[in-house]
Amino acid sequence: MQSPDFQGYVVVDAMVGGRAVGGTRMTPGVTLDDVAGLANQMSLKLALAGLPIGGAKAGIRCALPEGERRDRALRDFGRWAAPLLRDGVYLGSDQGVTYRDRAILFEAAGFDESAISPRRPLPCSWGQLWEHLADITGHGVAEATSVAVSGEGRTVALQGFGIVGRGAAQELTQLGAIVVAVADRLGVVAAPGGLPLDLVLAATDAAGTIDRTALPDGLLLSGRPDAWLDVDADILVLAAGGGALHAGNADRVQASLVVEGANSPCTRDALRALAARGIPVLPGIVANCGSATVTALVLTDSLPGVDDAPDVASLTKYLFDRVGSQVRDTTREVIARANRSGVSWYEAAEDLARRRLPRASGPAPARSGPTRSAQTRSAQTRWQSQSQTERTSTMSSDTMPDLAHATVGKPSTRLSDPLPQAQDPGDFVDGLTNEVLTSAAANIGPFYERLIAGRIPLSGVQAWVKQWYVDSRMFPSVIGQIAANAGYFYDARQVMGANFAEELGEFNPLREHPVTVRQLARALGVSDEELEFTEPYPETLLYVEYRQHLVRDYHWLEGLAAGSFAIELTIPNRFRKIAAALSAQFGLDDEALEVFRIHAGDERLELDYGGDDKHAGEAQDLIRKYAVTAEMQHRVRLAMWRSIEARKVYQWGLFREICLKHDPLWSTIVAGSDAPAEQTV
C-alpha cells in the first residue's frame, strides 16, 4: 500500500496449515525485495525448526519521527493489513517496530492478539511474555556458535549491540568465550584482553548505542562505522542489519568463523568470497531463529499445558530450553551434512530446510472468527501498492540464479543435437523482444486489421467479445500457475503474484479483468447470460487449453515466456488502436473501454499499475536473469514461439467465423452455392 507518508508491503512466502508468521520492519530504506527475501528466510528457518507454519514478512518504508504522523501511518497500515491478519498471517515486531507500535497496528486492524492460542491460553499477556524472552534470539545464536566452535577462550567480535547482540554476548561469555569488541552505530569499543561486559552493558541504551562517557578508561574506541571488520577475533557475530558483509568488504574479515545473528547479513557475493578463503558461515536460518520459534510455537498451539508450565517462569524456562536444544541439534546436523557432501554450511542448511518444507504442511489449526477460503489466502500472498518504478524491481544483483532448485517440468524439446553457445542474457532478451514485436502472428493479424479499420459490424464485434471473455476468464490462472511453478525463485513468485493481483483488480471484484470485458460486452448489447453461455470456437478452446499446458507442465521460465512475455508484450499497442476504433465506430464511453485502458496503462485510471508494458518488462527482467544457459535459452525461445503459434490459430478462428463466413465467396467455396451471404464484411 502507499500513502504520502509511507509505503507498505506484506509478503507471504508460504501458507502452511493455514498460517504464516513474520515480523514487521519499519525503516526509511526497506524495499519489496528485502521483504520478499526475509519472508523466504522465515519459511526456511521455521522448516528447519520442524514447525508447521509458513513464513511471511511486512515492511513499512517510512522516515517519520516518533509522533502522531508516524502513529497514523501505523494505523493506516494496520487497516490495510487487517484481512491478512484475520486470515492467518501473523505480523510481529522487527527492526524499527516496537511492541507499542505493534499494538497500534493491531488495534487499527481490529486484531485481538489474545486469541492467537485459543486452546492453551498463555499464563500472562503476550507482551509480558516477551519481557521474559528478550534474549531468546541471542540465546539461540550463542548455542549455535558453541556447537560450531567448541572450547573455552575463543574471542568474539559483535557487529550490532541491540537485543540480539547483547543477549548473544552475555551467553557466549557464560559459555567461556571472551568478547573483545562490540560495534554500534557510533563505531567500535574494543579490548584485546576482553571487554568488561557488565560495564559496557550498563552504558548501553535500549537501542544498542553505547555511551562512551560512561565507559572505564583503557578501552579502545574507534569512530569508523566499519572498524569491526578489522578486529582480530576468532568469531565474528553479525547482529545488525542485512547486507553487512558484501563483495566490497568480505576480504577484510579477520575471524575464522562468521555467525549470522541477523537476517541475511551476508550477501551471496560475500558468502562466495568467505568460502574461497575457507571461512565458514553459520547461517541465520540456523542461529537466528529464537523469536520466530517462540511465535510459531504459540501460533500452532504447540506449547506445554498448564500442568507442565503453570506460570511465566516455567514457560520461559521451557522456551529457552526448547530453542537451545533445537538450535544445537540443527547446527550439528547441518555441519554433518556439509562434511558428508562437501558443500558449505550455508548450502547444507538451505538444502535441509527445503527438504523439510513439504513435511511442515498440516491441517489448519482451529481459530475463532470467520475465515476465507484457501484460494483467497493464496491469492493474497502478494499484497501491496506502490509506485510503478518499485513494482518493476526484482531481486538485487547479488542474488544468483539457483537453477539447481528449479522445478524442471517437461522439457520443450529433445536436446540430442548440439546447442548453440549461450548468448549474453541481455542480447538474448533483446533478440526475443525483436522477434515478438516483428511477428505478424503475435501482433495485428487479418482479423484485428479489420476490427481497427471499423470494417466489422456490430454483430461481428459482439461475437469477438464473447470469445475474448472465454479467454479472459482463464488468463488469471495462467499467471497464477507460473507463480506456483516458480518454487523458491521468490522474486519470480513476487512479480507474478503482483501480476495475478492486478488481473484480479487488486482484489476488487468490480475491477477484475474479466469483469471489465463484461462491461465492454454490455455496452455493445451483449447480455450477461449470452456472455456466460458462449460456445467457444474450436480455435479458442485450443488456444486456451494449449496455453494452460505450456504454463502448467513446463519449467516456469518457459511458462513465463509463453504465458506472459509472448502475449503481454504486444497487447498495449493493439489495445490502444482497438479502443480508438470502437470509440469512433460505436461511441463507447470510458467505462466501456476501461479494459483497454487498464492493459495499455492509463494514468487517468483510479487503478493504474502500468499496464502490460510493465508486465512484459518484468518478464524480460526475469528471463534476462535466469535464462543463462544454452539449454534454457533454447527452451524459452521454443515456448515463446509455441505460444505465438497457438495465438495465430486463435486469430484464424476469429477471422474465419466473423469475417470469412460472411463473405459471399465463403458459401460458394463450402457449399458450391451462389446464394448471397448474410453480410459482407
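None of these values were measured; they are calculated from a predicted model. (Residues numbered from 1 in each chain as written. Predicted model: local features only at pLDDT ≥ 70, side-chain atom pairs only at ≥ 80, totals over all residues. Heavy atoms only, no water.)

Moving on to the overall build of the chain. For the chain, the helix and strand inventory stands at 27 helices and twelve strands. Looking at the chain as a whole, 55% of its 681 residues qualify as buried. Here the analysis covers contacts within the chain between residues at least 6 apart in sequence; of these, 75% occur between residues at least 24 apart. Working note: accessible area of the chain is about 27,900 Å², and carbon and sulfur atoms make up 52% of it. (Helix = DSSP H or I, 4+ residues; strand = E, 2+ residues; numbered from the N terminus. Buried < 20%, exposed > 50% of the residue type's maximum accessible area, 1.4 Å probe, protein only. Contact = heavy atoms within 4.5 Å. Areas by Shrake-Rupley, 256 points an atom, 1.4 Å probe, with all protein chains shown as cover.)

The alternating pattern of strand β10 (residues 257-260) places Leu257 and Val259 and Val258 and Glu260 on opposite faces, both of which are buried. Both strand β9 (residues 235-238) and β10 contribute to a ladder of four bridges, which runs parallel. Within β10, the position partnered with Val237 by the bridge is Val259. Two elements, β10 and strand β11 (residues 281-282), share two bridges in a ladder whose sense is parallel. By the bridge assignment for β11, Val259 is matched with Leu282. (Pairing = 2+ DSSP bridges.)

Ordered in space as β8-β7-β6-β5-β9-β10-β11, the seven strands form an open sheet in which the pairing is mixed. The outermost strands of the open sheet, each flanked by one partner alone, are β8 (220-222) and β11. Sheet topology places strand β6 (residues 178-184) next to strand β7 (residues 187-190); four bridges connect them, and they run antiparallel. Looking at the pairing, Asp184 lines up with Gly187 of β7. Lying on the sheet, helix α6 (residues 163-174) is in contact with β5 (155-159), β6 and β9; it crosses β5 at an angle near 175°. (Axes fitted to C-alpha atoms, helices over the stretch in contact; angles between N-to-C directions.)

Even without being a glycine, Ser264 presents a positive backbone phi close to 50°. Relative to the assigned elements, Ser264 resides in the loop between β10 and α8 (268-276).

Right, let's get into the nonpolar core. If you look at the biggest cluster of nonpolar residues, it comprises 96 residues, and the most contacted ones within it are Phe77, Val182 and Val237. Ranked by residues supplied to this core, first place goes to helix α11 (residues 312-341) with eight residues. Membership of the second largest hydrophobic core comes to 70 residues, among which are Leu557, Phe596, Met640 and Cys659. (Core = buried A, V, L, I, M, F, W, Y, C linked by side-chain atoms within 4.5 Å.)

Right, let's get into the packing of helix α18 (residues 490-503) against helix α22 (residues 556-568). Interaxial distance between α18 and α22 falls to 13 Å at its minimum, and their mutual angle equals 40°. The angle between the axes of α18 and α22 places the two elements in the oblique class. You can see that α18 and α22 cross each other, and the crossing is left-handed. Residue-level inspection shows Ala492, Met496, Asn499 and Glu503 of α18 in contact with α22, the latter providing Trp556, Leu560, Ser564 and Glu568. Its residues assigned to classes, the contact of α18 with α22 shows four nonpolar, two polar and two charged. (Parallel < 35°, antiparallel > 145°, perpendicular 65-115°, else oblique. Left-handed = near helix turned anticlockwise from the far one by under 90°. Nonpolar A, V, L, I, M, F, W, Y, C, P; charged D, E, K, R; others polar.)

Let us now look at the pattern of salt bridges. As enumerated under the stated definition, the model contains 39 salt bridges in all. We note a salt bridge from Glu645 to Lys648, for which the minimum N-O separation is 3.1 Å. Taken together, the residues Glu645 and Lys648, both in helix α26 (residues 630-659) and three residues apart, mark about one turn of the helix. According to the relative accessible area criterion, Glu645 is partly exposed, its value standing at 35%. (Salt bridge = Lys/Arg side-chain N within 4 Å of Asp/Glu carboxyl O.)

This brings us to α8. Turning to α8, its buried residues are Ala270, Leu271 and Leu274. Buried residues along α8 cover an arc of 100° about the axis, so they all sit on one side. Just past α8, the residue Gly278 takes up positive phi, approximately 80°. (Arc of directions from axis to C-beta.)

With that settled, the discussion passes to the packing of aromatic side chains. The tally for this structure, following the rule as stated, stands at 14 aromatic pairs. Seen in terms of ring centroids, Trp464 and Trp468 are 5.3 Å apart; in terms of plane orientation they differ by 20°. Their pairing is stacked. Residue Trp464 and its partner Trp468 are located together in helix α17 (residues 458-485), separated by four residues, close to a single helical turn. Using a relative accessible area of 2% as the deciding quantity, one classes Trp464 as buried. Look at Trp468 and you get buried, because its relative accessible area is 9%. Judged by centre distance (5.5 Å) and plane angle (75°), the ring pair of Trp556 and Tyr626 falls under edge-to-face. Pair noted here: Trp556 is in helix α22 and Tyr626 is in helix α25 (residues 611-626), with a separation of 70 residues, a long-range link. The class for Trp556 is buried, based on a relative accessible area of 1%. Through pairs of rings, three or more aromatic residues link up here, namely Phe447, Tyr448, Trp464, Trp468, Phe575 and Phe596. Taking the ring centre of Tyr448 as reference, the NZ or CZ of Arg574 above it sits at 5.1 Å. (Phe/Tyr/Trp six-rings, centres within 6.5 Å; stacked < 30°, edge-to-face > 60°. Lys NZ or Arg CZ within 6 Å of the ring centre and 35° of its normal.)

Here the focus is the confidence of the model for the chain. When pLDDT is averaged along the chain, the result is 81; 83% of the residues meet or exceed 70. Of the regions scoring below 50 in pLDDT, residues 358-416 engages in 148 contacts with residues more than four places distant in sequence or in other chains. Confidence drops under a pLDDT of 50 for residues 672-681, and excluding neighbours within four residues, the segment shows 19 contacts in the predicted structure. (pLDDT = per-residue confidence, 0-100.)

A few words now on the packing of α17 against helix α23 (residues 571-586). Contact pair α17 / α23: the axes reach a minimum separation of 13 Å and the direction vectors enclose 140°. On the basis of the axis angle, α17 is oblique to α23. The chirality of how α17 crosses α23 is left-handed. Contact residues: Leu458, Val461, Trp464 and Trp468 in α17; Phe575, Ile578, Leu582 and Phe586 in α23.

So, on to α23. Between the first and last C-alpha of α23 there are 22 Å, a value that for 16 residues agrees with the 22 Å anticipated at 1.5 Å per step. All of the buried residues in α23 are Ile571, Pro572, Arg574, Phe575, Ile578, Ala579, Ala581 and Leu582. (Expected span 1.5 Å × (residues − 1).)

Turning our eyes to something else, we now look at the environment of Leu504. One can find Leu504 in the loop between α18 and α19 (513-523). Assessed through its relative accessible area of 15%, Leu504 is described here as buried. Sequence-wise, Leu504 and Pro476 are 28 residues apart; in three dimensions their C-alpha atoms are separated by 7.3 Å.

Quick look at the side chain of His615 now. Assignment of secondary structure puts His615 in helix α25. A relative accessible area of 1% places His615 in the buried class.

This part takes up the environment of Ala168. Within the fold, Ala168 resides in helix α6. What makes Ala168 buried here is its relative accessible area of 0%. For Ala168, the residues in contact, after removing those within four places along its chain, are Gly138, Val141, Ala142 and Leu158.

We now examine the pairing of β9. Regular strands place their side chains on alternate faces of the sheet. In β9, alternate side chains face the same way, and those of Ile235 and Val237 on one face and Leu236 and Leu238 on the other are all buried. Of the strand pairs in this sheet, β5 and β9 are connected by four bridges, and their pairing is parallel. Bridge pairing in β9 places Gln159 opposite Leu238.

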